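Residues per chain, in single letters:
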Amino acid sequence: MFDATNFQPLLVRRYTLEVRQQMSWYWQAIVIALALVFGLLISAAILVTAGVPAGELLNEFVILTLFDSQSLRAVLFQAAPLIMVGLAGCLAFRARFWNLGLEGQMIWGAIGATAISLFEIGPPSLRLPLMMLSALICGLLWALTPVLLKLHLKVNEIISTLMLNYIALNFLLHLVYGSWKDPRDSFPYSPQYRTFERLPEVFDGLSLAVVLALLTALFVLWFTGVSRASLYLRFVDNGLGVARAVGVPVNRVVLGTVLLSGALAGVAGFMVTAGQEGRLTQSFYVGYGFSGILIAFLARNQPIAATVVALLVATLFVAGRSLQVFYQIPFSMVQLIQAILVICVASSEFFIHHRIRRIQGGQS
Amino acid sequence: MTMLISWVGNIPDFAVPFALAALGLILIERTGVLALGAEGLMLVGALSGIGASLMTGGSTVWALIIAMIAAAVVSQLFALMVLVMRINQVISGLALVFFCQGLTGLLGTLMNWTNKPVQGLQAQPLWPLSELPLVGKLFVQNPVVYLTPVIFLLAVLVLNRTVLGLRVRAVGENPQAADAAGISVLAYRCAAIAAGSALIGLAGAYISVLSTKMWVADMIGGRGWIAVALVIFARWAPWKALAGALLFGCIEALIPQMAASGIRLPQYFVFMTPYAVTLGVMIWVAIVSRDNNSQPGALGEPFIREERR
């Protein structure tokens, strides 16, 4: 019985809620798609209220971003770091670890990459791989503390990763307002990367970042689907007690997976600075942390699905930036739309798992 | 000495938002709902407080009341998610925070409320304590500071000494038993979310309307998450939460104090301290109270009647 009868007797009495045994996958897909459409309609309504003409909205989101080759390239370019943070989210959630520290790990990744550039470590031909390696290690190390605290002391990782975000953010500000400030002007960002320190285009305007992101998606697909770790992760996901009982090295598996998650987030930070910004700026990471969580959640921790969702979120990012420029709609609008989509899709689960049925004659 | 006095005098101003938010969270979590949305609800309170103050021409009391109502209203979205839709409480809490961040950022810009100064409340001397020599200055605070211990006292009395409080705790410890005893689990949880969120909204409005006296996007800056950590630190006990809030008030009050006295420390490292201390406190709690588990029994678990255990 649905317990809402307790406080809304008149409205609900004639309906009952039953737990569904199973729903066929295409119905599930339809329900989720409907939820997405519903969420987008709400978002569109908010945007129209905020002063964006409805016709422009359609133009911005659908035609410009998907049918114009230049915009499509911008979306792909934007998608690369989002795919990385999305995959990082997938990995951490597979290990039942709420990694809300994606932004902190991104920041450290970008700091690590910038350090290589700033101190001119390595020959120019090796500079880019070195920067990426440095970003990877820095992101990984920033994820080490919370996962060790969780495994050994059961410290809530939601709080610890978030606090580490704020610490990383303040360290970034310390650098860009302090010793790493570009000496040529007084803006809070690092000196520009040299050309060989930027992610190049490989073929037909496609950035190397996109290729790297797709390769990473394949690696994560292998890691979570084929490797020995994937089997262990499935045990961990189903409950630590059983996992330990059948001899899964739980701590090692969780530690490794979360560190990998941090490493991917670190590389995402490198992709934003070496791909889009070309330098370390004070707010390059904004929005990526939540997007990573959103992408992993919507993709149900599946790497391929995460790649697709990341492309959609990238569209939102690109469109959001142009709305910011043309209509002064703040970038937080992107966050709002993402939150609405999460709420809608999460709510749709309710209709997948339950069925509302009417009872004749009101016997409750 | 004057430095010490002015530091101690500033502590309540920084401690009150932590205290109120932590109390609101305790109220919600005592009914078994894991409330991670404090950061977002504080933002809602902060923005609506400023908005109300600017639109009503500077009535601070109305601003605080409207902030409480606004946070309670927005919290019903969270209630809908966790109570009716039975969405995972962690996801719901995170979604609420990001929803509120986006919403307040958008509204603050669209309504043009950013960086507009408001009046705030006049500090009231607490006679006769304010007449004391030397320490008298400590007892000139705004009325909400005096109100906070009263709110705590009321909350503790209700929670520990009344049937209502017993039911609230029963719902959080063992919802199945409470349900069997005829207590509507959903109604209690829903009401607790509204009431607790009102307190969290007040905490947010305190920061914007009474402390900084203006709105800036994302101005809560993690204080909501620190409040969540405070609740864990306090093991869901209001008085301990108040003590923890005072501790964090001491640290936050120290930051402007050091700047004023000319101590040159790297500014951004100083800004890190509240977060680093939070992390330290979490670790300390984990080491000290490993076996003392006073967390509400049903925290984080949705209540579904047909799935009795």
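Predicted, not measured: the structure shown is a model, and the values here were computed from it.

Describing the packing of aromatic side chains
In the structure shown here, the tally under the stated rule is 20 aromatic pairs over all chains. For the pair Trp-108 of chain A and Phe-171 of chain A, a centre-to-centre distance of 5.1 Å together with 15° between the ring planes defines the contact as stacked. Taken together, the residues Trp-108 of chain A in helix α5 (residues 102-118) and Phe-171 of chain A in helix α7 (residues 157-177) connect sequence positions 63 residues apart. Accessibility classification places Trp-108 of chain A together with Phe-171 of chain A in one group, the buried group. For the ring pair Phe-350 of chain A and Phe-351 of chain A, a centre distance of 5.3 Å and an interplane angle of 85° mean the geometry is edge-to-face. Taking the relative accessible area as the measure of exposure, Phe-350 of chain A reaches 5% and is therefore buried. In this structure an aromatic cluster arises from ring pairing among Trp-108, Trp-142 and Phe-171 of chain A together with Phe-269 of chain B. A cation over an aromatic ring shows up here: Arg-279 of chain A above the ring of Tyr-189 of chain A, its NZ or CZ 3.7 Å from the ring centre.

Regarding the nonpolar core
Counting residues in hydrophobic clusters, the biggest one holds 201 residues, and the most contacted among them are Leu-47, Leu-82, Ile-111, Phe-270, Met-271 and Phe-284 of chain A together with Trp-225 of chain B. Beyond its immediate sequence surroundings of up to four residues, Leu-82 of chain A is in contact with Tyr-288, Ser-291, Ile-295, Ala-310, Val-313, Ala-314 and Phe-317 of chain A. Val-168, Ile-183, Val-185 and Tyr-188 of chain B belong to the second-largest nonpolar core, a separate cluster that totals eight residues.

Observations regarding the confidence of the model for chain B
Model confidence for chain B is summarised by a mean pLDDT of 89, while 97% of its residues fall at 70 or above. Across the whole predicted complex the pTM is 0.90, and at the interface the ipTM reaches 0.90.

Concerning unusual backbone geometry
Of note, the phi angle at Arg-300 of chain A is positive, near 50°, even though the residue is not glycine. Summarising the element assignment, Arg-300 of chain A is placed in the loop between α12 (288-298) and α13 (303-327). Judged by its relative accessible area of 41%, Arg-300 of chain A is partly exposed. A positive phi angle, near 60°, is found at Asn-112 of chain B, a position not held by glycine. Relative to the assigned elements, Asn-112 of chain B resides in the loop between α4 (89-110) and β1 (124-125). Exposure remark for Asn-112 of chain B: the relative accessible area of 49% places this residue in the partly exposed category.

Considerations on helix α6 (residues 124-153) of chain A
Residue and element names in this part refer to chain A. Given a rise of 1.5 Å per residue, 30 residues ought to cover 44 Å, and the 44 Å separating the end C-alpha atoms of α6 matches this to within 8%. Taking the largest bend as the criterion, α6 deviates by roughly 30°, centred on Leu-144, and proline Pro-146 comes between one and four positions later. Downstream of α6 by a residue or two, Lys-154 has a phi angle that is positive, lying close to 60°.

What counts, and at which threshold
Residues numbered from 1 in each chain as written. Chains lettered and ligands numbered in written order. Predicted model: local features only at pLDDT ≥ 70, side-chain atom pairs only at ≥ 80, totals over all residues. Heavy atoms only, no water. Phe/Tyr/Trp six-rings, centres within 6.5 Å; stacked < 30°, edge-to-face > 60°. Helix = DSSP H or I, 4+ residues; strand = E, 2+ residues; numbered from the N terminus. Buried < 20%, exposed > 50% of the residue type's maximum accessible area, 1.4 Å probe, protein only. Lys NZ or Arg CZ within 6 Å of the ring centre and 35° of its normal. Core = buried A, V, L, I, M, F, W, Y, C linked by side-chain atoms within 4.5 Å. Contact = heavy atoms within 4.5 Å. pLDDT = per-residue confidence, 0-100. Expected span 1.5 Å × (residues − 1). Bend = angle between axes of the 7 residues up to and from the residue.

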